Amino acid sequence: MSSPSIARSPSIARHVGTVSRRGFLAGSGAFIATSALGSKMAFASPETPSSGDVIVIVSLRGGADGLSLVAPYKMPTYRSLRPTIRVKDPSEVASPANAGLPLVTGGNVGAFGLSGTFALHPGLASLYNSAWADGHLAIVHAAGMPATESVTRSHFDSMRNWEAGSASLNVTTGFLSRFLQSVGATDRIPGIGRGSALPPSLAGPVPTYSMSAINSFGVNGFGDNTKASATLTRWYDAGTGDVVLQTGANTMSAVGTVKAINWADSRFAVQNGASYPNNGFAGQLKEVAQLIRANIGLRVVCLDSGGWDTHGDMGTPEDPNSYFRNRAKELSDGLAAFYKDLGPQMNEVTVATLSEFGRTIDENGTGGCDHGRGSAMMIMGGAVRGGVHGPFVPTIANGPEDDLTVLTDYRTALAEVLTVRGGAASATTLFPTWTPSAALGLCNA
Amino acid sequence: MALATAACVPAATAPTPTTVAPINIPSVDRGVTSPPAPTTAPAPTTAPAPTTAAPAPSTTVPGPPGAAPLNARLLVDKLTFGPKPGLAAAIEAQGLWTWIEGQLDPVGRNIVHAESRVAGYATLTNSHRQNYSVQETDGGYDRLILELDHATMQRAVYSDRQLYELMCDFWTNHFNTWRQKTWMAFLKNRSHETVVRPNALGKFSDMLLASAQDTAMLDYLDNTVSDASVPGGVNENYGREILELHTLGILGGVQPYTEADVRGVARTLSGWSIKWEDAPNRYGFDFRPWMHSRDAVSILGGAFTSPARAYGQGLDDGVRLVNVLAHHPATARHIATKLCRRFVSDTPSDALVTSTAAVFIANDTAIVPTLRHIFASTEFAQSARSKVRRPFEHVVATLRAVNAAVAVNPLGEASVKLHQLMERVGQPLYERHSPDGYPDANSFWMSSEGLLQRWAASARITRNGLTDNSEPDKVVVNLAALLPNPAPATVAALLAWLAENLANYTLSAGDIAELCTACSINGSSAATTITGNGNNLALAVGLVLAHPTFQKR
C-alpha cells in the first residue's frame, strides 16, 4: 500500500480534551492558505491589456441589517425604535472607538448630499480608516429588490432572485454569467466562486469555476495523478450537453491553467504591508488577490460572508465582543486588508456587497430584528467615488411590516458597476426585468 | 391512489418470504425477525414480469397494478446509497418488488440492520440532560459531533435498510437544524434519534409535530426566545420556516400564504420552548404559558382559527395548527415535489407530482404509500442516472462499492477522517447552516471543486490513503479480495468486470481503450498487469469510480 498523500491528522488524543471545545472543528477542513514567499515586487496588472475591472461580489448571507452597518444614527425614530441595538453617537459612549463613525465630507471624500446623516458601525473601523478615508468607499442605502417585482422575505426565494438578477422564473441564468457573456469573457477562467459549489449568480452558458483553495485545485488522491488526469481528460469530453461531462471538461481545462502558474513566485506575496486576519473570509480574499494578479482572464469573483440572519442577540454596537460587531469587524478587516494588499491595483478592481434583504426597523423583543426589505450596499474600488449615494428618507417610519422601504433598486447600483467599470455595453441584457434608472454616480469611468 | 391506499394496509396473513437469501455482510446484526414483512396483495394478473430469468421465489411480491417494469440496476442506483458486491444479484433473486416492499417496511423486518455497530454510541440514546453533561466534559463536544456523524456513516454504508437510511437523510435535510448555531449543539443527537429516525417511513404529520416540539429546532429557529409578554417579543423565524420549508412551501415562486399568516403561526406557537428548570426532561420540550400569545388567530384563509385564550391554555391550539399544516394541500404538493426530485429527477412531470400529492393526502400523510406510488411510476422506471450523486452519496457509494471496512470507534481515525472528508467534498454532515437543508439539484453539486474533491475522495479510499496506517481505527479496502476467481483474462476484460460488478455500470470499449492509452497499458495484455500490482489495481478502481457514469444515480 502506498502512503497517503494527504496531510496526516493529529491523533484523536490530540483533538479530544484539549484547547477549546470547538478546537477540533475549527482545525478540520479549515481554509488552507498558500504560503506567501519572496519579497515584494512591482505588481502585475490584472490583465494586459485590461478590458474592464475584476468585479468582486461579496454576498452577506442571511439578510444583513443595513441599519446597523450604516446607521441613520441621529434620526429620532431610529433611536426610539432601536433602544438597545442602535449605533450610538460619540457623545453617548465612554470610548469613541465604540461609537458610530460619522460619514461626512472630508479627507478625500467629496461632497455628497446625505453627509452627516449616517455613521458606520464601529465594527467597520478598518474600512472607515482606509477605503472611506481615501474616498474609495460608496454606500447605497435602502437598496433592494423593488416591491413592484417581489416582496418575498424568504432567504431562499430572495437569494434566487438576487442571483438571477430578476424575480422572473423565466430568467434561469445568473446575472454574472450574463455579464461575462456580454463582455465576451469566456477565455481561461473568467469567473470563480470561492467554495465547493458554484454560486447561482455564475450559473449559465459561460464556463465558470468553484475553487476552495488554489493549491488543492487539481486532480488529487490517486497514486498516479498524472495518469488519472490523462484518463479523466479523455473521459470527460464536452459537447454532449451533459452537465457532468461538461463540468468535467471545463474543470480539466481550468486545472491546466492553474497548475501552469508558479504560485510561489514573489508577485503573489501579500503586498503593501497588508495583513489578513486569520479567518476563512480573509483567507479567501487573500487568494482572490493572488488570482487577480495571475492573469488568467479573471473578471468576476464571488465569495460569501455568513451569519447575518440576526433574529436575536445582536448585542450592542458599543460592546466590542458583541455578535454583530464581530460580524462587522470580520467583514471590514478582510476587505480592508484586501484593499491595502492590492494598493494601486484597486484601480482595476471593484468590490460590491449584496445581501438578500435588510431587516425590520423595529428592534424585536429578543435583541435582534426580523426579515425586512431595504439594506445597505457597499461598493469599494480605486475608481469608486466615496460617499453615500442615492436617496434616503428624512424619517424612517415603522410601517405595517416594520420595513425600510426599498428606495434604490440594487440592480441600478450593479448596472453602473458592471457597465462603467466592468465594461458591459448594456445593463438591460444583464437585468431583463430591471426598470432602467439614471446612474447614481458611484464610480469614475 | 386507490391502489396505494389499499397497499398501505399490511396483509397480516402474507407469507414470510422464507426463501429470501440474506445478503452477506459481515459484522452486522439482524433486525426484528418475528413478524412477517407486511406485503401487499394486489391482483396478481397485473404483476410485471420479472426482469430476469433468475429463479423467482414462490413468495415473490408482485408490484402494484400497473407498475412500470423495473430492473435491479436501477433499484441499486435509486433506492440505495450505491452498489455493493452482490447486491443487484440478490435483488434479482428475491424478486424486485419483494425487495422494494421489504425496503418499505417501516421497521425493517427480515433485513440486516447496522445498529449493533453503533450500539456503544451513548449520545444517541442519552437524554438531552445527559448529553448536556457530555458536552461539558473535556472532549465531550467532539464526541457528540463524531458519534452522530459516524453513526450516520456506519448506517448508510452497512445497513441493508438502504431506503430507510436514504429517507433519514432526506428528512434530516427537510427538517434541517444547524447544531453549532448556538451553544446547545448537544440537542442534535437526541433530536435525530427521536424526530427523524422513528418517523422516516411513518406519517409526515407525526414527524412534523415531533419536529415542532424538537428543542433543537426551536433553539435553532429562535422559537425558544419568542415571548409574547414582551412588546414585539414574538419571534417569527420558526413560524416562517415551518410554512416555507417544512409544510406549504414556495413552488415556482408562488407563496401560498401571507406575511400575516407567518405572524399568526408565530403567535400560535409562541411559548413552545425549552424546559430550562432542572428535571429529567431538562432541555426537552416545554410549553411556557407566560410566553404564549393568547390573542385570537385566524390564518390561512380561515383554515386555522383559535379564539382568545385564558392564561395557561393554547398548547392544544398549536398541536391543531401543526396538524392543519401537515394536511394542507400545498404541503402535499410541496412534499410530493421534493420526493419526486429525490427519486426521479430535478424536473418531475406535473402529472407525477399531482398524483403523488393525492396519494399523500389520501393516506393521511403516510410516507410509505407515497413512495410506493413513485416507485411504480413510469417516470421512475425511466429515470436511470438522472441525478448527480450528492457528495455524501458519493462517499458512501465508494465505501460500499469497494466493500470497505470502516472502524466503528466514533473517536477513532476512520471517524475523524471521514468527518473531515465530508467537509472537503462540500457536504459536512449536519452542518448546513441554513434551514433549507442541502440542495437536491444537479446544478448545485456539479462544479469544478465538487468534481475534483469527489474524485479525490474515492481515489484515497480505494488506495487505503484516507486513514493513517499507524492508527488502530482505519478504513481498510482489500481490492484483491473483490476480484473473481478466475480473474478475467485481459486488462480490458478486467476493467469491464470492475465497472459492471463493483460500480453497477457498463464501461464502454471506447472508454476502456482511453484509460489504457492514458495509463500506457495494453488492453489486451494479461489482467495480471493490473491485478499483480496493488498500485495499478487501486488506480484502475479509483478511475472506475471517477467515471462520469458513477457520478450519477
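This structure is a prediction, so every number in the text was calculated from the model and none was measured. (Residues numbered from 1 in each chain as written. Chains lettered and ligands numbered in written order. Predicted model: local features only at pLDDT ≥ 70, side-chain atom pairs only at ≥ 80, totals over all residues.)

Moving on, we get to the overall build of chain A. Counting its secondary structure elements, chain A contains 12 helices and 12 strands. A fraction of 74% describes how many contacts in chain A between residues 6 or more apart in sequence connect residues 24 or more apart. (Helix = DSSP H or I, 4+ residues; strand = E, 2+ residues; numbered from the N terminus. Contact = placed C-beta atoms within 7 Å.)

Helix and strand content of chain B: 26 helices and eight strands. A total of 553 residues make up chain B; the buried ones form 57% of that total. Excluding contacts between residues fewer than 6 apart, the proportion of contacts in chain B whose partners are at least 24 apart in sequence is 74%. (Buried ≥ 20, exposed ≤ 12 C-beta atoms within 10 Å, placed from the backbone.)

Moving on, we get to the interface of chain B and chain A. Accessible area lost upon the coming together of the parts serves often as the stated size of an interface. The interface is formed by 74 residues belonging to chain B together with 66 residues belonging to chain A. Elements with a minimum of two residues in the side of chain B that touches chain A: helix H7 (140–158), helix H12 (237–246), helix H20 (413–424), helix H21 (442–445), helix H22 (448–462), helix H24 (509–518) and helix H26 (534–546) of chain B. The greatest single-element share of the side of chain B that touches chain A, amounting to 10 residues, is contributed by H22(B). Of the residues contributing to the side of chain B that touches chain A, the split by class is 26 nonpolar, 28 polar and 20 charged. (Nonpolar A, V, L, I, M, F, W, Y, C, P; charged D, E, K, R; others polar.)

Turning to the nonpolar core, a few remarks are in order. In this structure, A:Met377, A:Ile379, A:Ala413, A:Val417, B:Val541 and B:Val544 are the most contacted members of the largest nonpolar core, which totals 278 residues. Looking at this core, the element that brings in the most residues is H7(B), giving 10 residues. Composition of this core by domain shows at least three residues from each of domain 1 (119–144 + 161–326) and domain 2 (481–551) of chain B. Aside from chain neighbours lying at most four places away, what touches A:Ala413 is A:Val140, A:Ala143, A:Met377, A:Ile379, A:Thr408, A:Leu440 and A:Leu442. (Core = buried A, V, L, I, M, F, W, Y, C linked by C-beta atoms within 7 Å. Domains from an automatic or database assignment.)

The subject of this paragraph is the sheet that holds strand S2 (residues 70–71) of chain A. All names here are of chain A. As summarised here, the arrangement of the three strands in space is S2-S4-S3, forming an open sheet in which the pairing is antiparallel. Two strands lie at the open edges of the sheet, namely S2 and strand S3 (101–102), each paired on one side alone. Relative to strand S4 (residues 119–120), S3 runs antiparallel, the two being bridged by two bridges. Directly across from Leu101, in S4, lies its bridge partner Leu120. (Pairing = 2+ DSSP bridges.)

Residue and element names in this part refer to chain B. Chain-level statistics for chain B give a pLDDT mean of 89 and a share of 89% at 70 or above. Taken as a whole, residues 1–58 scores under 50 in pLDDT and shows 117 contacts with residues more than four places along the chain or in a different chain. Overall fold confidence (pTM) sits at 0.81, and the ipTM for the predicted complex is 0.87. (pLDDT = per-residue confidence, 0-100.)

What follows deals with the pairing of strand S5 (residues 137–144) of chain A. Residue and element names in this part refer to chain A. Most of S5 sits out of view: eight of its eight residues are buried. Pairing geometry for S5 and strand S10 (residues 375–381), over five bridges, is antiparallel. Residue pairing across strands places Val140 opposite Met377, the latter belonging to S10. Relative to strand S11 (residues 387–389), S5 runs parallel, the two sharing three bridges. Bridging across to S11, Ile139 finds its partner in Val388. Looking at chain direction, S5 and strand S12 (residues 408–409) are connected through two bridges and run parallel. Following the sheet pairing, Gly144 is matched in S12 by Asp409.

Our focus in this paragraph is the environment of B:Val230. All names here are of chain B. Looking at the secondary structure, you find Val230 in the loop between helix H11 (215–220) and H12. What makes Val230 partly exposed here is the crowd of 13 C-beta atoms within 10 Å. For the pair Val230 and Met291, spaced 61 residues apart in the sequence, the C-alpha separation amounts to 8.2 Å.

Every buried residue of helix H8 (residues 225–235) of chain A is listed here: A:Ala228, A:Ser229, A:Thr231, A:Leu232 and A:Trp235. Down the axis of H8(A), the buried side of the element spans an arc of 165°, and every buried residue falls inside it. Tucked inside the fold, the buried residues of H8(A) contact helix H9 (243–259) of chain A together with H22, H24 and H26 of chain B. (Arc of directions from axis to C-beta.)

Further remarks concern the packing of helix H15 (residues 329–343) of chain B against helix H17 (residues 367–375) of chain B. Residues and elements named next belong to chain B. In contact at an axis separation of 11 Å, H15 and H17 are set at 50° when each is read in the N-to-C sense. Between H15 and H17, the angle falls in the class oblique. When you trace H15 past H17, the crossing you get is right-handed. Touching Leu339, Cys340 and Phe343 of H15 are Thr370, Leu371 and Ile374, all from H17. (Axes fitted to C-alpha atoms, helices over the stretch in contact; angles between N-to-C directions. Parallel < 35°, antiparallel > 145°, perpendicular 65-115°, else oblique. Left-handed = near helix turned anticlockwise from the far one by under 90°.)

So, on to the environment of B:Ala310. Residues and elements named next belong to chain B. Along the chain, Ala310 turns up in the loop between strand S6 (304–306) and helix H14 (315–326). Of the residues examined, Ala310 has 8 C-beta atoms within 10 Å and is grouped as exposed. Once the C-alpha coordinates of Ala310 and Ala228 are considered, the two residues, 82 residues apart in sequence, prove to be 14 Å apart.

A few words now on the pairing of strand S1 (residues 54–60) of chain A. Residues and elements named next belong to chain A. Most of S1 is tucked away, with seven of its seven residues classed as buried. Here S1 shows no split at all, with Val54, Val56, Val58 and Leu60 on one side and Ile55, Ile57 and Ser59 on the other all buried. By the bridge criterion, seven bridges tie S1 to strand S9 (residues 349–355) in an arrangement that is parallel. Directly across from Ile57, in S9, lies its bridge partner Ala352. The pairing of S1 with strand S8 (residues 300–305) spans six bridges and is parallel. Within S8, the position partnered with Ser59 by the bridge is Asp304.

Bringing unusual backbone geometry into the picture now. All names here are of chain B. The peptide bond linking Asn485 to Pro486 adopts the cis configuration, its omega dihedral lying at 5°. Within the secondary structure layout, Pro486 lies in the loop between strand S8 (475–476) and helix H23 (491–502). For Tyr283, which is not a glycine, the phi torsion comes out positive at approximately 75°. One can find Tyr283 in the loop between strand S3 (272–274) and strand S4 (285–287). Residue Tyr283 is classed as buried on the basis of its C-beta count, with 22 C-beta atoms lying within 10 Å. Positive phi is not limited to glycine here, since Asn403 has a value of about 50°. Mapping Asn403 onto the fold places it in the loop between helix H19 (391–401) and strand S7 (405–406).

Interaxial distance between H8(A) and H24(B) falls to 8 Å at its minimum, and their mutual angle equals 150°. As judged from the angle between their axes, H8(A) and H24(B) are roughly antiparallel. In the crossing of H8(A) with H24(B), the sense of the turn from one axis to the other is right-handed. In this structure, H8(A) contributes A:Lys227, A:Ala230, A:Thr231, A:Arg234 and A:Trp235 to the contact, and H24(B) contributes B:Asp511, B:Glu514, B:Leu515 and B:Ala518.

A few words on the environment of B:Leu209. Residue and element names in this part refer to chain B. With respect to the secondary-structure elements, Leu209 resides in helix H10 (residues 204–212). Under the C-beta neighbour-count criterion, Leu209 is labelled partly exposed, with 19 such atoms within 10 Å. Taking the C-alpha atoms as reference points, Leu209 and Gln453, separated by 244 residues in sequence, lie 38 Å from one another. If we skip the residues at most four places from it in the chain, Leu209 touches Val319 and Val322.

Residues and elements named next belong to chain B. Residues of helix H6 (residues 128–136) that are buried: His128, Asn131 and Gln135. Axial view of H6: buried residues confined to an arc of 60°, hence all on one face. Residues Ser133 and Glu136 are exposed on H6 and point more than 90 degrees away from its buried face.

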